[in-house]
Amino acid sequence: MGYGLPAAIGAAFACPRDTVIALVGDGGFQMSIPELGTLASNKLPVKIIIMNNLYLGMVRQWQDLFYKGRYSCVEFDSFPDCEKLARCVQH
């Protein structure tokens, strides 16, 4: 969780003429929001698709498997305004 966007940034540095697509979950995206600055300052051609299901999916999966669905801190009650964030990163 949180690996997708940094991996896409690495791919964009490796292939700067290609558009790179990062498919990330909402929790992983929130973990990597600081990397939006890296995208903007380096003008990297990365498109981000966010799968927003309002849960930390990997954590919830483990809580399903090992804790019989007793959830703790996996449901989001808010999410950043991605449209505003995207406007700040556009070049």
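What this report covers is the structure whose coordinates are included nearby. Counting restarts for each chain, with residues numbered from 1 along the sequence as it is written. Per-residue local features of the predicted model are confined to residues with pLDDT of at least 70, and side-chain atom pairs are confined, for both listing and counting, to 80 or more; whole-chain, interface and lining totals are unaffected and use all residues. As a rule here, side-chain values cover all heavy atoms of the structure and leave hydrogens and water aside.

**Brief notes about a nonpolar patch on the surface**
Note that patches include only residues with greater than 30% relative accessible area and no salt bridge, and the join distances are 9 Å for like charges and 5 Å for nonpolar side chains (Val, Leu, Ile, Met, Phe, Trp, Tyr). Only the protein chains shown count as covering a residue, and every accessible area follows the Shrake-Rupley method with a 1.4 Å probe. Whenever Lys or Arg places a side-chain nitrogen within 4 Å of a carboxyl oxygen from Asp or Glu, that contact is recorded as a salt bridge. A contiguous nonpolar patch, built from Met1, Met31, Met58, Trp62, Leu65, Phe66 and Tyr67 and spanning about 810 Å² of accessible area, is present on the exposed surface. Secondary structure elements follow DSSP: runs of H or I no shorter than four residues count as helices, runs of E no shorter than two count as strands, and numbering proceeds from the N terminus. Here the nonpolar patch takes 5 residues from helix α4 (residues 57-67), the largest share from any one element. Counting through the fold element by element, Tyr67 comes out in helix α4. Only protein chains enter the accessibility calculation, which uses a 1.4 Å probe; a residue whose area is less than 20% of its type maximum is buried, one above 50% is exposed, and one in between is partly exposed. According to the relative accessible area criterion, Tyr67 is partly exposed, its value standing at 47%.

**A word on the pattern of salt bridges**
All told, the structure shown has 1 salt bridge when counted by the stated rule. Across the salt bridge formed by Arg87 and Glu83, the nearest N and O atoms sit 3.0 Å from each other. Placement of both Arg87 and Glu83 in helix α5 (residues 82-89) is noted, with a separation of 4 residues, approximately one turn of the helix. For the pair shown, Arg87 and Glu83 are each scored as exposed.

**A look at the layout of surface pockets**
Lining residues are defined by having an atom within 4 Å of a point belonging to a cavity or pocket. Those points lie on a 1 Å grid over the protein atoms alone, cavities being sets where a 1.4 Å probe fits but cannot get out and pockets being open sets with protein on both sides within 12 Å along at least five of seven lines. Grid points are joined across faces, edges and corners, and a volume is the space filled by probe spheres set on the points. By volume, the largest pocket amounts to about 360 Å³. Around the largest pocket sit 16 residues that line it, and Val46, Lys47, Ile48, Ala86 and Val89 are the ones nearest its centre. Listed by contribution, the elements that provide at least two residues to the lining of the largest pocket are α3 (35-42), β2 (46-51) and α5. Asp, Glu, Lys and Arg are counted as charged, while Ala, Val, Leu, Ile, Met, Phe, Trp, Tyr, Cys and Pro are counted as nonpolar; the rest, among them Gly, fall into the polar class. In terms of residue class, the lining of the largest pocket is made up of 12 nonpolar, 3 polar and 1 charged.

**Focus on the environment of Leu5**
With respect to the helices and strands, Leu5 occurs in helix α1 (residues 4-14). Linking Leu5 and Gly37, residues 32 residues apart in sequence, is a C-alpha distance of 12 Å. Those residues in contact with Leu5 that sit more than four places away from it in its chain are Ala22, Val24, Ser32, Glu35, Leu36, Leu39, Val46 and Ile48. Only heavy atoms matter for contacts: two residues are in contact if any of them lie within 4.5 Å across the pair.

**Points about the side chain of Asp26**
Locating Asp26 in the fold gives a position in helix α2 (residues 26-31). Apart from residues no more than four positions distant in its own chain, Asp26 is found in contact with Ile50, Met51, Asn52, Asn53, Leu54, Tyr55, Phe76 and Phe79.

**Regarding the side chain of Gln63**
Positionally, Gln63 belongs in helix α4. A residue is classified by how much of its surface remains accessible, and Gln63, at 11% relative accessible area, is buried. When sequence neighbours within four positions are dropped, the list of residues in contact with Gln63 reads Lys68, Gly69, Arg70, Tyr71, Ser72 and Val74.

**Some words on unusual backbone geometry**
Positive phi outside glycine occurs at Lys43, with the angle close to 50 degrees. Tracing the sequence through the fold places Lys43 in the loop between α3 and β2. Lys43 sits in the exposed class, given a relative accessible area of 55%.

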